[in-house]
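Read off the chains here:
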Amino acid sequence: MEKKFKIGILALQGDYEKHYRIFDQLGTEVFYVKLPDEFNEIDGLVIPGGESPTMSRLINTYNLRETFEKLVEDNVPIFGTCAGAIMLAADVVDAPAGFSLGIMDIKIARNAYGRQRESFESEVEVTWKGKTRKIPGVFIRAPKILEMGEGVEVLGKLENGEPVLVRQGPFLAATFHPELTDDTTVQEIFLEIIGEYRK
Ligand code: GLN
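The following refers to the structure shown. (Residues numbered from 1 in each chain as written. Predicted model: local features only at pLDDT ≥ 70, side-chain atom pairs only at ≥ 80, totals over all residues. Heavy atoms only, no water.)

In this fold, I135 is placed in strand β8 (residues 131-140). Judged by relative accessible area, which is 2%, I135 ranks as buried. Between the alpha carbons of I135 and T181 there is a distance of 9.2 Å; along the sequence they are 46 residues apart. Setting aside its immediate chain neighbours within four residues, I135 contacts S122, E123, V124, V126, F176, D183, T185 and V186. (Helix = DSSP H or I, 4+ residues; strand = E, 2+ residues; numbered from the N terminus. Buried < 20%, exposed > 50% of the residue type's maximum accessible area, 1.4 Å probe, protein only. Contact = heavy atoms within 4.5 Å.)

Structural data, given as structure tokens:
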């Protein structure tokens, strides 16, 4: 990696520590962000998994709506996993108005795999820059991406074709938890996306 990127991990709630560790191992400068001022210097932001209603509430408590608007305006790459992917979506099924951040043109349903499959592991087929590989996917009360706008590209899917890793410009959403396995393919893709936007 040519440049040491500064990665902010949104540390309001959820499994943010695991994300920290992986980006640290990958040689980036990582820090937790929570207060609006702390977002000023970052090259990329991670929104971890957790509970989206709690995260949504805390985003309001910490007055972060405007901060997110600014990040989007500045094309700062954002990577959301699971609850983080829900926060990125423009449309969350059955959620009240203003629940998510509306950053990506996707429609997503929370807890969409039903009680029988609260958590499961499944291979994800990831295609990046013409190369396809299979990585392990851990899904925990995972959401499902139901619809996508034209600008959204599928980078990862399940065997049945369901999209589970999607990208729209600087924004990346995974319905699974790449931070829970040793495979760092998705994090490396995010770093490459940052490289495209932060020269
Ligand atoms: N079910 C959670 C939600 O709706 C997401 C679960 C997760 O992040 N692992 O927010």
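On we go.
We now examine the site of the ligand. By nearness alone, every residue bordering the ligand is listed as G49, G50, E51, S52, C82, A83, I86, R110, N111, I140, R141 and H177. Here the ligand loses 97% of its free accessible area of 300 Å² to cover by the protein chains. Its residues placed into classes, the shell around the ligand shows 4 nonpolar, 5 polar and 3 charged. (Near = heavy atom within 4 Å. Areas by Shrake-Rupley, 256 points an atom, 1.4 Å probe, with all protein chains shown as cover. Nonpolar A, V, L, I, M, F, W, Y, C, P; charged D, E, K, R; others polar.)

Moving on, we come to the pairing of strand β3 (residues 44-47). Remark: a regular strand shows side chains that alternate across the two faces of the sheet. Side-chain alternation along β3 places G44 and V46 on one buried face and L45 and I47 on a second face that is also buried. Sheet topology places strand β1 (residues 6-10) next to β3; 3 bridges connect them, and they run parallel. In the sheet register, G8 faces β3, and the bridge partner there is L45. As defined by bridge partners, β3 adjoins strand β4 (residues 78-81) across 3 bridges and the pair is classed as parallel. Within the sheet, the bridge partner assigned to V46 lies in β4 and is F79. (Pairing = 2+ DSSP bridges.)

Let's shift gears to the packing of aromatic side chains. As enumerated under the stated definition, the model contains 9 aromatic pairs in all. Measuring from ring centre to ring centre gives 5.3 Å for Y16 and Y32, while their planes differ by 75°; the resulting arrangement is edge-to-face. Here Y16 is found in helix α1 (residues 16-25), whereas its partner Y32 is found in strand β2 (residues 29-33), with 16 residues between them in sequence. Centroid distance F120 to F139: 4.7 Å. Interplanar angle 0°. Geometry classified as stacked. With F120 in strand β7 (residues 119-128) and F139 in strand β8, the pair connects residues that are 19 residues apart, well separated along the chain. For the pair formed by F120 and F139, the shared burial category is buried. Between the NZ or CZ atom of K144 and the centre of the ring of Y113, over which it lies, the distance is 4.8 Å. (Phe/Tyr/Trp six-rings, centres within 6.5 Å; stacked < 30°, edge-to-face > 60°. Lys NZ or Arg CZ within 6 Å of the ring centre and 35° of its normal.)

In short, the description is geometric, and any link to function would need to be established separately.
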